[in-house]
Amino acid sequence: SRSLFFTAEEAGYIRIWTLPTSGGEPQLVSRKSTGVWQSIRIPAKAPGTQLFGLWEAANRPGEVFRLDPSANAPVRLTSFNAGAAAKLDWEPLREFWFTNKLGRPIHSFLALPPGFTETAKYPLLVVIHGGHVGMWRDAISRRWNYHLLAQPGYVVLLTDYVGSTGYGEKFTRDILGD
C-alpha cells in the first residue's frame, strides 16, 4: 500500500516502474535492456514484494518471470517456447537513433533476415505503423511479425516517427494538425 507498480512504454520497450503512493518521481524497477513486460501481478500472499509477469522480446517468445523489485534479478519460471525458439535463425532487433531535420532524436529498429552478413546487400522493407499513438516494440508482433517479414531476405526498418508513443507526451502530440 506504499507503492504503485506500473508498466510504461519507453523508446521501443515496456518497462516496470514504481511510484510512492505519497507522490514523487517514478523509479525504474526493471533494468532489462531489451523486450517488453506485460500482465504484471503482485500476489496478495507473497512474502515481501514479488512481481510476476510476462516478458518477451522480438526473438524471445513470452514466458512468465518473477521479479523482486529490490534485487532487480528477473527469474524465468516457464520455458514453454524456449526449445522451439532456439531452433530459429532470428537475431535480436538492432536499434539506432538519428536526428531528423527538426533536430529531434528518432528511434528505429532493424529486423535482419536469416543468415544475415554485414558485407552483403539486402533489399529494405520499410514498415510504418498506422496513425500516431503507436510504437514499434521489441516484442513478437502477431500482426506485423518483423522476423517473418525479414524471412525472404529483407532488412526490415521500423521507425517511430514523430507522433509515436514511448517518447513523451509532447512527441506524441506534435503530429496533431500537421
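Residues numbered from 1 in each chain as written. Predicted model: local features only at pLDDT ≥ 70, side-chain atom pairs only at ≥ 80, totals over all residues. Heavy atoms only, no water.

## Considerations on the environment of Gly-35
In this fold, Gly-35 is placed in the loop between β3 (27-28) and β4 (36-41). Gly-35 sits 26 residues away from Glu-9 along the chain, and the two C-alpha atoms are 11 Å apart. Filtering out sequence-adjacent residues up to four positions away, Gly-35 remains in contact with Tyr-13, Ile-14, Trp-55, Glu-56, Ala-57 and Asp-138. (Helix = DSSP H or I, 4+ residues; strand = E, 2+ residues; numbered from the N terminus. Contact = heavy atoms within 4.5 Å.)

## Some words on the pairing of strand β1 (residues 3-10)
Bridging between β1 and strand β2 (residues 13-20) involves eight bridges; their strand directions are antiparallel. Considered in β2, the bridge of Glu-9 is made with Ile-14. (Pairing = 2+ DSSP bridges.)

## Let's talk about a nonpolar patch on the surface
A surface patch of nonpolar side chains, amounting to about 390 Å² of accessible area, comprises Leu-124, Val-126, Ile-128 and Tyr-161. Relative to the helices and strands, Tyr-161 is located in the loop between β11 (155-160) and α3 (169-173). (Patch = residues over 30% accessible without salt bridge, like charges linked within 9 Å, V, L, I, M, F, W, Y side chains within 5 Å. Areas by Shrake-Rupley, 256 points an atom, 1.4 Å probe, with all protein chains shown as cover. Salt bridge = Lys/Arg side-chain N within 4 Å of Asp/Glu carboxyl O.)

## Considering the sheet that holds β11
Remark on secondary structure: sheet strands pair via backbone hydrogen bonds, oriented parallel or antiparallel. Read across the sheet, four strands follow the order β8-β9-β11-β10 without closing on themselves; strand pairing throughout is mixed. Looking along the sheet, the strands with just one partner apiece sit at the ends: β8 (94-99) and β10 (124-127). Taking the axes of each pair of neighbouring strands and ignoring which way they run, one obtains an average angle of 30° across the sheet. Two elements, β8 and strand β9 (residues 105-111), share six bridges in a ladder whose sense is antiparallel. Residue pairing in the sheet places Phe-98 in a bridge with Ile-106 of β9. (Axes fitted to C-alpha atoms, helices over the stretch in contact; angles between N-to-C directions.)

## Some words on the side chain of Glu-56
As for its position among the elements, Glu-56 is in strand β5 (residues 51-57). Overall, the relative accessible area of 5% leaves Glu-56 in the buried class. Within the structure, the side chain of Glu-56 is placed 3.5 Å from the side chain of Gln-38, a separation counted as a polar contact. A distance of 2.7 Å separates the side chain of Glu-56 from the backbone nitrogen of Ile-140, its partner in a polar contact. Setting aside residues no more than four positions away along its own chain, Glu-56 makes contact with Gly-35, Val-36, Gln-38, Pro-61, Gly-62, Asp-138, Ala-139, Ile-140 and Arg-142. (Buried < 20%, exposed > 50% of the residue type's maximum accessible area, 1.4 Å probe, protein only. Polar contact = N/O pair within 3.5 Å; in protein donor to acceptor, adjacent residues only side chain to side chain.)

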